[in-house]
Every structure is written in structure tokens, then in C-alpha cells.
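# An overview of the molecular structure
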Amino acid sequence: MSLMLVGIVIFFAIHLVPTRVALRASLVERLGPLPYKALFSVFAALGLVLIVMGKGQAEFIAVWNPPVFMRHITMLLVLFAFILLAATYIPSNIKSKVKNPMLTATKLWATGHLLANGDLASIVLFGSFMVYSVIDVISVKKRGLTKPSKRYSYALDGLVVVVGVVAYGLVVMNHLALFGVPVVTMPS
């Protein structure tokens, strides 16, 4: 689990830089906007790779045994998370109504996975994403980064839902290959 913990520290350390406005501003001033973004991306990707590798290698230590029905709740929460993730990048009424769709998606994803996984590594992993999301939502509100609502075509809302559902379906179908854990088992 130590590799996963190193990944978590790297991933969240770099993601917490923007919450420290003066630190971020000084880094952008010293490095320039593009090199700052590139460095941010490299550290975020490194952290994510270490998290996935470390989680795959982590010893299974049972903390609790989730009931089977929690998987269904998780699948629903994660479906909504994927729709909100799509709303992060596509202007829509959904994005306007949900003040920070990326962080809300992360909270839904983490909550779902906490409900369906009772091992220590999963609790640490998904719990850390939940804590980060809550901290960042508070930071976003303090920094006044929420935007006023704007009206968009309902067609864009439909596009958000379609993109989210398709992305969700692709991840569900490939979850085993991507993360080493099947979401659903297909009959042979």
C-alpha cells in the first residue's frame, strides 16, 4: 500500500497548489503559464499511475463486508459522476446548476466506491478523494470561483448525458483491464 500512498501524496499535493493562491501565482510567474501547466500535468499523471499501480499491489485487508446491494447503489452514483464529469467540459445547464461538476463527480465516485469496497486500501484511496473534494469545494467558495448561472440549449444537456453514459459504459466494460477489478461479470 506504500506505493499507493506515495501516489496519493503526489496527486493531492499538486492538486492542492491552486488552493494556495499566492503559491500558484508565484509558480506561474516563475515558470510561465504553459510550463506550470505541464509540470502540474506530469505530477498529476505520475501520482495517478502510482495510485493505480499501488492499489493493484496492495494487500487485501478486510475492514467490513459491504452488502451486495451496495454495488447497485455504486453503479448509479458512478453513472451520475460520469455525467457530471462530462458536464465539466461541455457548457450546459447541468454545468450551470452544479457549481463545480468535477468535484461533485469526484464526491459521487468516491462515495460509491466507499459503499462497495470494504478493504483498507480502498477506504484509504476513495476516502482521500472524498476528503480532497470537500477541501477543494471549500477553497473554491473562499476564492469566489463559482460562476453565475447561464442558460444553454437543452441539446447541450442531452449531449452531456450521452457523453457521460457512453464514457460510463466504456469504463464499466473495461474496468477489469483498466483497474484489475470487474464491475460486472458477463455470462460465458
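This text gives an overview of the structure that appears in the document. All values derive from a computational prediction rather than experimental measurement.

Before going further, it helps to examine the overall build of the protein. For the protein, the helix and strand inventory stands at eight helices and zero strands. What you see in the protein, going N to C, is helices and strands ordered as α-α-α-α-α-α-α-α. Taking 16 Å as the expected radius of gyration for a compact globule of 188 residues, we find that the protein reaches 18 Å, a close match to that expectation. Each of the three principal axes of the protein carries a C-alpha extent, and together these read 55 × 45 × 25 Å. Out of the 188 residues belonging to the protein, those deemed buried represent 35%. Look at the contacts in the protein between residues 6 or more apart in sequence, and 75% of them connect residues 24 or more apart. On the protein, roughly 11400 Å² of surface is accessible, and the fraction owed to carbon and sulfur atoms is 73%. Taking the 16 positively charged and 5 negatively charged side chains of the protein as two groups, their mean positions are separated by 11 Å.

Here we take up the packing of aromatic side chains. A full pass over the atoms with the stated rule returns eight aromatic pairs. Residues Phe11 and Phe12 carry aromatic rings whose centres are separated by 5.2 Å and whose planes lie at 85° to one another, so their mutual orientation is edge-to-face. One exposure class covers both Phe11 and Phe12, and it is buried. With centroids separated by 6.2 Å and ring planes inclined at 45°, the aromatic side chains of Tyr36 and Phe40 adopt a geometry described as tilted. Remark: Phe40 and Tyr36 occur in helix 3 (residues 33-57); sequence separation between them is four residues, near one turn of the helix.

Moving on: a nonpolar patch on the surface. Taken together, the side chains of Met1, Leu5, Ile61, Val63, Trp64 and Leu120 present a nonpolar region at the surface, about 470 Å² in accessible area. Position of Leu5 among the secondary structure elements: in helix 1 (residues 2-16). Among the residues examined, Leu5 registers a relative accessible area of 39% and is labelled partly exposed.

Thresholds, definitions, all that
Residues numbered from 1 in each chain as written. Predicted model: local features only at pLDDT ≥ 70, side-chain atom pairs only at ≥ 80, totals over all residues. Heavy atoms only, no water. Helix = DSSP H or I, 4+ residues; strand = E, 2+ residues; numbered from the N terminus. Rg over C-alpha atoms; globule rule 2.2 N^0.38 Å. Buried < 20%, exposed > 50% of the residue type's maximum accessible area, 1.4 Å probe, protein only. Contact = heavy atoms within 4.5 Å. Areas by Shrake-Rupley, 256 points an atom, 1.4 Å probe, with all protein chains shown as cover. Lys, Arg positive; Asp, Glu negative; His and termini not counted. Charge placed at Lys NZ, Arg CZ, Asp CG, Glu CD. Phe/Tyr/Trp six-rings, centres within 6.5 Å; stacked < 30°, edge-to-face > 60°. Patch = residues over 30% accessible without salt bridge, like charges linked within 9 Å, V, L, I, M, F, W, Y side chains within 5 Å. Salt bridge = Lys/Arg side-chain N within 4 Å of Asp/Glu carboxyl O.

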